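Observations on chain architecture
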Amino acid sequence: MSVIGIDFGNDSSYVAVAKAGGIETIANDYSLRATPSFVAFAGRNRVLGVAAKNQQVTNMNNTIGNFKQLLGRKFDDPRAQEELRSLPYHTEALQDGGIGIRVNYLDEEHVFSPEQITAMLFTKLKEDAFKELKTQINDCVITVPSYFTNAQRQALLDAANISGLNVLRLMNETTATALSYGFYKQDLPTPEEKPRNVIFVDCGHASLQISACAFHKGNLKMLASCSDSVGGRDFDLVLATHFNKEFQTKYKIDASSKKRAFLRLMAEVEKLKKNMSANSTKLPLNIECFMNEIDVHSSMQRSEMEELSSHLFQRIETTMRKLLLDSKLALEEIHSVEIVGGSSRIPAIKHLIEQIFGKPASTTLNQDEAVSRGAALQCAILSPAVRVREFSCTDVQAYPVLISWTDTDGPHEMKVFEQYHAAPFCRLLTVHRKEPMTIKVHYEPNSVPYPDPFIGTYHVKGIKPDANGEAQEVKVKVRINNNGIITVSSATMYERKESEEPTSPTPTSNGDQQKTGDANQSSPQGDESGKVGEPMDIQEDKKKKVTTKQVELTIDSNTHGFVHTELCKHFEEEMKMIANDRQEKERIDARNALEEQVYEIRDKIQEDGALHDYIDPQDASAICRELEETENWLYEEGESCEKGVYKERLEKMRAKIDPVRNRCEEFNGQEQAFTDLGHAVQQTLKAVEQYRAKEPKYEHLTETEMINITEAAQKAQKWYEEARSKLVGARKTEDPPVKLADIRHETVTLTTCTNSVLNRPKPKPPTPPADQNQQNGSSATGAASQDTQTPGHDNQDSNTPKQTTEDSMDVE
């Protein structure tokens, strides 16, 4: 079972996995840990990740990036419009008011939502994880910015569902970073001690998130989290705008008039910005053939960049001071300030941190991978597949939440969650109603970076008055779940009914005092209660009994996200695209194999090629013509054929060239094969000579066996000489009269025959009986040296008994 965490970033995404040895960030098919958050469409196939970003400039209209900030937003949203103006691809409004991204796919116009594009990226990350782990990927934890609203979080969940991922939790990026920091700390204070307060500054590609967290041993509690939409791309835009103005004056060209040119400029200034973070000297900017075949040159120093970006640093400073105010922490209560995110490497941001928090920026964490590692840790804690020590995370709700409803008294509104309220959390609200009600849940106005504070409308059905026509008690549960999503999760009506219940009956006799008893019961003693067997009058007091019945009410909700049918439809579309990607890959692989074969054969049958000497000139000319015809076909009508067409042509081509390859292998391998056969013959004859010379290692062999292997060696030698003579004058353009397999067969036959004889082990000498040794009064060694003799051999020289004696000692 897999346990993975996904850091879904605006520019790049990371996947971390929990293993027995700890947390590891996996690499993609380009051996990179960072997978660009890009999706591209090129003709009949989909390109994801690194390959997609590489074609951003050449396939600009069909390469989709920077779509994270479009999730869950409407087309007419001012923030969305600000994003869309900077994007090179085409967007449009959907029927439901959402954002549609128009691309050319399978030679047709298609419109995808940001959720579908995100699902495509998740498909790529899932595939990379599968290749690395060799197991099916299902459960995961995905991180989201802490400022994401209900709509954006639900959109991300929908994207994960479309890609087939089961999200155990949507985790705030700030919380994942804190978990990655605190999980391995062994010196955290105990619950009775004061907490360790740590500030985390995460400045990424498109946003700034600053959070305060209190740590105790085994748990963390988020105190506050502030954010702003300022990131690395804003610094890139400032630099690109500056250089564009310079180029307008210096070279009379305007990069902003052409999207492709401006994309190239943005890519170059991003490299310059990264270099300036490490160097304070003036650095060059050079772009060849930038526009109108003009080469442009310029330079900039870090101090100039900081001056141009002063308004961005001001926004960062404001966010830091707001966090300090919201967290209610004094400077002396802050233990350290940890930085993560690529843009936190900018020296001016580190200077601001030290200036505001009074602590230097600490780089304990991996600035790029800390978020994904924290997500993988959380997934390991939640998953039953991995044993890991518990570490609880208490998150916060970033925005205040209100609910409103209307009854006979008029409209009502109340705040159910304050800003920075602990999450997850449930709140139970009690109302008295006679009829169904509609509850509206929304953020506090002007508290979210979203024009519409709407969260959801929930219609609670089944409410009715009691038997007396009075209002009944209804308890409504409002919940912030593990994903940070606010919902009305349930509603219960407490239906009260009154019923008359008789109390214990009171027996009486002729007006005497009451005595408790059964209507048919008589007094056994015959006392004042009455005579034995005398019937008694029964009086009953009726008492009202109230019973309460809990009735679960039905809730019809209208909130953000796809309905079930839409999710199923998009999931099926994604599965079809995955199948199409697989088929297209196989088709392209078949085409590439055919093209590769054309070039390989052409090179090998040329005058200096490896196959030139083994093919008839006329056949070579015919094959060259066919190769040229195939090459032209590949780049014309054969450009988009099915896989089977390419495989058929490849098989026909191989059928013509394989005989030539086989001849080449035959002739080139024969010399070594003959050498091996000759060596086998020599070794066999040498062993026969050693046997004749009475070598001890062969003394156990029989004369018949040696005659057999001698004949086998002589036969092989004769075959060797005849085969050699047949090959004299053989033409390389014709099949050789002696096959390589035949030579090897002779070698194997001789070697097998010889080894079966020469490698036969010596028989073990018999062990003398123990009682015989005792009778003779001699040692086992002496008995063995006198009596033991190798069967089938004559007496040997003086050395032989010693050898035999040693063998006997080994046996005993």
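This text follows the structure it describes.
The present account deals with the structure reproduced in this document. Sequence positions are assigned chain by chain, starting from 1 and proceeding in written order. Note on the predicted model: pLDDT of at least 70 is required for a residue's local features to be given, and 80 or more for side-chain atom pairs to be given and counted; whole-chain, interface and lining totals, by contrast, use all residues. Here the side-chain values reflect all heavy atoms present in the structure, with hydrogen atoms and water set aside.

1. Quick word on the packing of aromatic side chains
We count it as follows: Stacked, tilted and edge-to-face pairs are distinguished by plane angle, under 30 degrees for stacked and over 60 for edge-to-face with tilted covering the rest, among Phe, Tyr and Trp rings (Trp via its six-membered ring) whose centres lie within 6.5 Å. What counts as a helix is a DSSP run of H or I of at least four residues, what counts as a strand is a run of E of at least two, and both are numbered from the N terminus. Only protein chains enter the accessibility calculation, which uses a 1.4 Å probe. A residue is then buried if its area is under 20% of the maximum for its type, exposed if over 50%, and partly exposed in between. We call a charge positioned over a ring when the NZ of a Lys or the CZ of an Arg lies within 6 Å of the ring centre and within 35 degrees of the ring normal.
Counted by the stated rule, this structure contains 19 aromatic pairs. Look at phenylalanine 247 and phenylalanine 290: their rings are 5.9 Å apart centre to centre, the planes differ by 65°, and that puts the pair in the edge-to-face class. With phenylalanine 247 in helix H6 (residues 232-251) and phenylalanine 290 in strand E16 (residues 283-291), this residue pair connects regions lying 43 residues apart in the sequence. Look at phenylalanine 247 and you get buried, because its relative accessible area is 0%. Take phenylalanine 290: its relative accessible area is 5%, and that puts it in the buried class. Relative to phenylalanine 667, the ring of tyrosine 614 lies with its centre 6.0 Å away and its plane at 35°, an arrangement referred to as tilted. With a gap of 53 residues between them, tyrosine 614 in the loop between helix H12 (564-605) and helix H13 (617-634) and phenylalanine 667 in helix H14 (residues 643-692) connect regions that are remote in the sequence. Residues tyrosine 614 and phenylalanine 667 agree in their burial class; the two are buried. Pairwise contacts between aromatic rings join Phe243, Phe247, Tyr251 and Phe290 into one cluster. For the cation-ring pair, lysine 68 lies above phenylalanine 8, with the distance from its terminal atom to the ring centre recorded as 5.5 Å. A cation sits over an aromatic face here: lysine 475 above tyrosine 494, 5.7 Å from the ring centre.

2. Brief notes about the sheet that holds strand E9 (residues 99-105)
Sheets are built from strands that pair by backbone hydrogen bonding, the pairs being arranged parallel or antiparallel. Note the cut-off: Strand pairing is defined by DSSP finding a minimum of two bridges between the two strands. Lines fitted to C-alpha atoms define the axes, with helix axes restricted to the stretch in contact, and inter-axis angles between N-to-C directions lie between 0 and 180 degrees.
Taken together, the three strands give an open sheet; going across it, the order is E8-E9-E10, and neighbouring strands pair in antiparallel fashion. In the strand order of this sheet, the two ends are held by strand E8 (90-93) and strand E10 (108-112), each with one partner. Strand after strand, the sheet turns through a mean of 35° between neighbouring axes, direction not considered. Here E9 pairs with E10 via five bridges, running antiparallel. Considered in E10, the bridge of valine 103 is made with histidine 110.

3. Topic: H6
So the rule is basically this: Under the convention used throughout, the expected extent of a helix is 1.5 Å for every residue step, that is, one less than its residue count. By definition in these notes, contact holds between two residues if any of their heavy atoms fall within 4.5 Å.
A rise of 1.5 Å per residue sets the reference length of H6, with its 20 residues, at 28 Å; its end C-alpha atoms lie 27 Å apart and thus fit the reference within 8%. Within the span of H6, buried status applies to Gly232, Arg233, Asp234, Phe235, Asp236, Val238, Leu239, Ala240, Phe243, Asn244, Phe247 and Tyr251. Where H6 is buried, its residues touch helix H2 (78-85), helix H7 (259-278), E16, strand E17 (294-300), helix H8 (302-308) and helix H9 (310-327). Following H6 by one or two positions, lysine 252 adopts a phi angle in the positive range, close to 60°.

4. Side note on the sheet that holds strand E21 (residues 401-407)
The sheet built from five strands is open, its strands ordered E22-E21-E25-E26-E32 with antiparallel pairing. Edge positions in the sheet fall to strand E22 (410-417) and strand E32 (554-559), since each of these pairs with one other strand and no more. With direction set aside, neighbouring strand axes in the sheet form an average angle of 20°. Of the pairings in the sheet, the one linking E21 to E22 comprises seven bridges and is antiparallel in character. Each residue of the ladder has a partner; that of threonine 406, found in E22, is proline 411.

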